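The primary structure of each chain is shown beneath.
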Amino acid sequence: MGNIYTLGQNGTNKTVQKPVFISGNGSDLSNDEVLKGRAKRKFITQSMMLSLMDVAQEKGDIEKQKGYWNSYYCQSRVTSVDGRLYGNYCKNRFCTLCCSIRKAEIINRYYPIIEQWEEPYFVTLTVKACSAGRLRLMVKKVMQGFQRIKEKHKKNYQRGKGIKLIGVKSLECNFNPTKKTYNPHLHLIVANKKMAEILIQDWLKLWTPKFAQRQAQDMREIFNAETGLIEIIKYGSKIFTEPDIKKKGENASYQIYVSALDNILTAMKGIRIFERFGFNAEKKEEITIKEPQPVYNSEQWEFNPHLFDWQNTATAEVLTGYKPKPQLTAILSNCIDTTSQ
């Protein structure tokens, strides 16, 4: 009698996991606080993107809708393997997950340099607030104005007639919900007090009293380089705004003005938010982009907005254990204003 081969003998009853392809270095899974912070940012991003998509849809901006959808799904599905977490990033500036990565990169690159400056100063350069219709124009003029000041001092320094301005700058814009106005401005860290004074003096001369007042500008010494650097690395706008801008503390009633935020994001499109000037930073180490590699011992996690966390697709286990504070949940659920702009 010939050999009889059964399914069991052929091994077809064995479950073989399909390979999952990963690339990059991944993130460390051992730090619980970091993981919970990521879950918080994912929760905020998804809530914000849903509202921003409604605004973009109402304005008929299909391109913006696509961008918001990309951020909504950023890191929605992740893979864990050998104690590290992998996923794809949208890299949009309005995504809090991607902004946190960019923030860390900026700190790692520029903090060692700023720390060596003997007398670093924090400077704010601002102009008169404007309407939504003029915001794009004012943002461009703010950037062009600073460029003119920087180039003037660069030429004077090259001719031996002045000092070279050295620092980092970041563009930001606030929204005043009471007056329905926008305030584009620059935050800077410069190497010393003299540079801070020069910047404010030239800024006021450039804009004239009609558009810039001395009391609206600010300069102060920095005693902690890392704190100062963190302060100027913003998303380009303040997401949470108090209806009464004079009201601070625990009794403040926060609102999210998503239509105004959409206007700010539109006005800043294509404009570099953060940059250095007057010095060269060390080049970043070349990162070898690895081709996606197959792995077989991985776990898949999908973000569940009802649980505020990633959930294992096989076991329903949650990844971080994050639970948002009631105040944050209430703000994202009940305090989003889609009309003010």
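Here the structure is a predicted model, which is why all the values come from computation and not from measurement.

Novice: Which residues make up the overall build of the protein, and what values go with them?
Specialist: Helix and strand counts for the protein stand at nine helices and 15 strands. Counting all 341 residues of the protein, 44% fall into the buried class. Contacts in the protein between residues far apart in sequence, at least 24 positions, make up 72% of those at least 6 positions apart. Here the protein has roughly 20,100 Å² of accessible surface; of this, 50% comes from carbon and sulfur atoms.

Novice: Run through the packing of aromatic side chains, naming residues and quoting values.
Specialist: This structure, assessed with the given rule, holds 14 aromatic pairs. On the numbers, 4.9 Å between centres and 75 degrees between planes, the contact of Phe43 with Phe308 is edge-to-face. Of the two residues, Phe43 is situated in helix H2 (residues 32–59) and Phe308 in the loop between strand E13 (299–304) and strand E14 (309–312); the sequence distance between them amounts to 265 residues. Accessibility assignment for this pair places Phe43 and Phe308 in one class, buried. A centroid spacing of 5.0 Å and a plane angle of 70 degrees characterise the contact between Tyr68 and Phe94, whose relative ring orientation is edge-to-face. One end of the pair, Tyr68, is in helix H3 (residues 62–72); the other, Phe94, is in the loop between strand E4 (84–86) and helix H4 (96–114), with 26 residues separating them in the sequence.

Novice: Help me get a handle on the confidence of the model for the protein, residues and values and all.
Specialist: Per-residue confidence for the protein gives a mean pLDDT of 87; residues scoring 70 or more make up 87%. In this model, residues 1–14 is a region of pLDDT below 50 whose contacts with residues beyond four sequence positions or in other chains number five contacts. Confidence drops under a pLDDT of 50 for residues 242–246, and excluding neighbours within four residues, the segment shows 13 contacts in the predicted structure.

Novice: Describe in detail the pattern of salt bridges, supporting the description with residues and values.
Specialist: A complete count under the given rule lists nine salt bridges for this structure. Where Asp262 meets Lys64, a salt bridge forms, and the shortest distance between an N and an O atom there is 3.2 Å. Here the residue Asp262 occupies a position in helix H8 (residues 258–267), and Lys64 occupies one in helix H3, the gap between them amounting to 198 residues. Here Asp262 matches Lys64 in class, with each residue buried. Its salt-bridge partner being Glu275, residue Lys169 comes within 2.9 Å of it at the nearest N-O pair. In this pair, Lys169 sits in strand E6 (residues 167–176) while Glu275 sits in strand E11 (residues 274–277), placing the two residues 106 residues apart along the sequence. Among the charged side chains, a network of salt bridges with common partners joins Lys59, Lys64 and Asp262.

Novice: Go over the environment of Leu50, please, and point to the residues and values.
Specialist: Looking at where Leu50 falls in the secondary structure, it is placed in helix H2. Overall, the relative accessible area of 40% leaves Leu50 in the partly exposed class. In this structure the C-alpha to C-alpha distance between Leu50 and Gln65, which are 15 residues apart in sequence, comes to 9.7 Å.

Novice: For the sheet that holds strand E3 (residues 77–81), give the residues involved together with the corresponding values.
Specialist: Spatial ordering of the open sheet is given by E2-E4-E3-E13-E14, a layout of five strands whose pairing is antiparallel. In this open sheet, the two edge strands, each paired with only one partner strand, are strand E2 (27–28) and E14. Bridge count for E2 against E4 is two bridges, and the pairing is antiparallel. What sits directly across from Ser27, in E4, is Leu85.

Novice: I'd like a description of the packing of H4 against helix H7 (residues 225–232), backed by residues and values.
Specialist: Two numbers describe how H4 lies on H7: the axes approach to 10 Å, and their chain directions differ by 140 degrees. By the criterion of interaxial angle, the relationship of H4 to H7 is oblique. Considering the relative orientation of H4 and H7, their crossing is right-handed. Counting all contacts with H4, which are made through Lys103, Ile106, Ile107, Tyr110, Tyr111 and Ile114, the residues of H7 involved are Ala225, Glu226, Leu229 and Ile230. Grouping the constituent residues of the contact of H4 with H7 by class yields eight nonpolar, no polar and two charged.

Novice: Could you give me a rundown of the side chain of Gln75, with the residues and numbers involved?
Specialist: Among the secondary structure elements, Gln75 is positioned in the loop between H3 and E3. Owing to a relative accessible area of 2%, Gln75 belongs among the buried residues under this scheme. Of the polar contacts made by the side chain of Gln75, one reaches the side chain of Arg38; its length is 3.4 Å. With sequence-adjacent residues up to four places away left out, Gln75 is seen in contact with Arg38, Lys42, Gly87, Asn88, Tyr89, Leu97 and Trp310.

What counts and how
- Residues numbered from 1 in each chain as written.
- Predicted model: local features only at pLDDT ≥ 70, side-chain atom pairs only at ≥ 80, totals over all residues.
- Heavy atoms only, no water.
- Helix = DSSP H or I, 4+ residues; strand = E, 2+ residues; numbered from the N terminus.
- Buried < 20%, exposed > 50% of the residue type's maximum accessible area, 1.4 Å probe, protein only.
- Contact = heavy atoms within 4.5 Å.
- Areas by Shrake-Rupley, 256 points an atom, 1.4 Å probe, with all protein chains shown as cover.
- Phe/Tyr/Trp six-rings, centres within 6.5 Å; stacked < 30°, edge-to-face > 60°.
- pLDDT = per-residue confidence, 0-100.
- Salt bridge = Lys/Arg side-chain N within 4 Å of Asp/Glu carboxyl O.
- Pairing = 2+ DSSP bridges.
- Axes fitted to C-alpha atoms, helices over the stretch in contact; angles between N-to-C directions.
- Parallel < 35°, antiparallel > 145°, perpendicular 65-115°, else oblique.
- Left-handed = near helix turned anticlockwise from the far one by under 90°.
- Nonpolar A, V, L, I, M, F, W, Y, C, P; charged D, E, K, R; others polar.
- Polar contact = N/O pair within 3.5 Å; in protein donor to acceptor, adjacent residues only side chain to side chain.

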